[in-house]
Amino acid sequence: MGLDLYAGTLTRYYARNWKSTVQQWAEANGYTFNRMGPDGPMEQEQKPDPAEVQAAMEGWQDSLLAALKAGGTQCPPWPENNEAPYYTDKPDWDAYHALLLAAACKTAGQEVPATVDKGLGEGFWERPVVKEAAESWKGALFAGAELWLPFPESFYFRCPNPLGNEVVIGTTAGLEKELARINDLLWQAGEEEILGWQYTEGYPADAQISPDGKLCRVAENARYDTLSLAKLAYSLFWQAARFSRENQAPIVLDY
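Residues numbered from 1 in each chain as written. Predicted model: local features only at pLDDT ≥ 70, side-chain atom pairs only at ≥ 80, totals over all residues. Heavy atoms only, no water.

(A) Here's a closer look at the sheet that holds strand S7 (residues 157-160). Across the sheet, which stays open at both edges, the six strands sit in the order S4-S1-S12-S6-S8-S7 with mixed pairing between neighbours. Pairing within the sheet leaves two strands with one partner each, and these edge strands are strand S4 (87-89) and S7. With strand direction ignored, the average angle separating the axes of adjacent strands in the sheet is 25°. The sheet contact formed by strand S6 (residues 147-149) and strand S12 (residues 251-254) spans two bridges and is antiparallel. Within the sheet, the bridge partner assigned to Leu147 lies in S12 and is Val252. (Pairing = 2+ DSSP bridges. Helix = DSSP H or I, 4+ residues; strand = E, 2+ residues; numbered from the N terminus. Axes fitted to C-alpha atoms, helices over the stretch in contact; angles between N-to-C directions.)

Here it is in structure tokens:
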């Protein structure tokens, strides 16, 4: 399964009132798009009622904020509705893991490998350099966060998400601090350069559109440039974090 980044209200996310970049591209170019879930194409499922979803998200938020307050952490609420704008893009797993691997290597004083194998995620968290970073980093990224909430303080915790699955939850402030730390370690890049990476870095082309409009495979890439993938993922996470802060919206890893 691929990895998408979504930043927006949880109501829109769980009501499935959003479209991934692949879905947007497919629809714009006349292709059929089916989002697959564990039980088959998700488009065949009846979408939940947005009003019910919003009520559930507000209830989850109230319970979460009350629990944090009881533990001594006062956090502000964020708006939940089914109309607010959202941000999304697709780093996919290899770019996400390349970013973490590069940060882990730099943290440990090791050389970042020039290339990584496709399917980098297999056994990723068992790599010695990654395990070492997970122990010393003290941030949500290396704790395996799947959700970030738009809080102004930097911390992370483990608790059930709105579906009842226990996950690591970070904060927007914390994610921005971690991204700043990674940038200091690897590039010291400015905003313009970071924004440009979404267009200049990432995966080599393995398909193209033929003159008759068909999608054709042109290569089978088994290895990727590590830092190029890391730059792509960094740019997308950086943009998601900025959107989250400016719009007071959560960030979700969608897969």
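(B) Inspection of the side chain of Glu80 at higher detail. Mapped onto the secondary structure, Glu80 falls in the loop between helix H3 (50-70) and S4. Of the side chains with opposite charge, Arg12 comes closest to the buried, unpaired Glu80, at an N-O distance of 9.4 Å. A distance of 3.1 Å separates the side chain of Glu80 from the backbone nitrogen of Leu10, its partner in a polar contact. Side chain to side chain, Glu80 and Trp78 meet in a polar contact 2.7 Å long. (Buried < 20%, exposed > 50% of the residue type's maximum accessible area, 1.4 Å probe, protein only. Lys, Arg positive; Asp, Glu negative; His and termini not counted. Salt bridge = Lys/Arg side-chain N within 4 Å of Asp/Glu carboxyl O. Polar contact = N/O pair within 3.5 Å; in protein donor to acceptor, adjacent residues only side chain to side chain.)

(C) Inspection of unusual backbone geometry at higher detail. The backbone of Lys138 sits at a positive phi, close to 60°, despite the residue not being glycine. For Lys138, the location among the structural elements is in the loop between helix H5 (128-136) and S6. By relative accessible area, which is 68% here, Lys138 ends up exposed. For Gln188, which is not a glycine, the phi torsion comes out positive at approximately 55°. Positionally, Gln188 belongs in the loop between helix H6 (172-186) and helix H7 (191-200).

(D) A look at the nonpolar core. Counting residues in hydrophobic clusters, the biggest one holds 51 residues, and the most contacted among them are Leu101, Trp148, Leu175, Ile182, Trp187, Tyr234 and Phe237. Within the residue set of this core, elements represented by two or more residues are strand S1 (4-7), helix H4 (92-107), H5, H6, H7, helix H8 (226-247) and S12. With 11 residues, the top contributor of residues to this core is H8. In this structure, Tyr234 is in contact with Leu99, Leu179, Ala180, Ile182, Asn183, Trp187, Ile194 and Trp197, ignoring residues within four places of it in sequence. Core analysis: the next-biggest nonpolar cluster, separate from the first, contains 22 residues, Tyr6, Ala15, Trp78 and Cys159 among them. (Core = buried A, V, L, I, M, F, W, Y, C linked by side-chain atoms within 4.5 Å. Contact = heavy atoms within 4.5 Å.)

(E) Here's a closer look at the environment of Asn165. With respect to the element layout, Asn165 can be found in the loop between S7 and strand S8 (166-171). Of the residues examined, Asn165 reaches a relative accessible area of 43% and is grouped as partly exposed.

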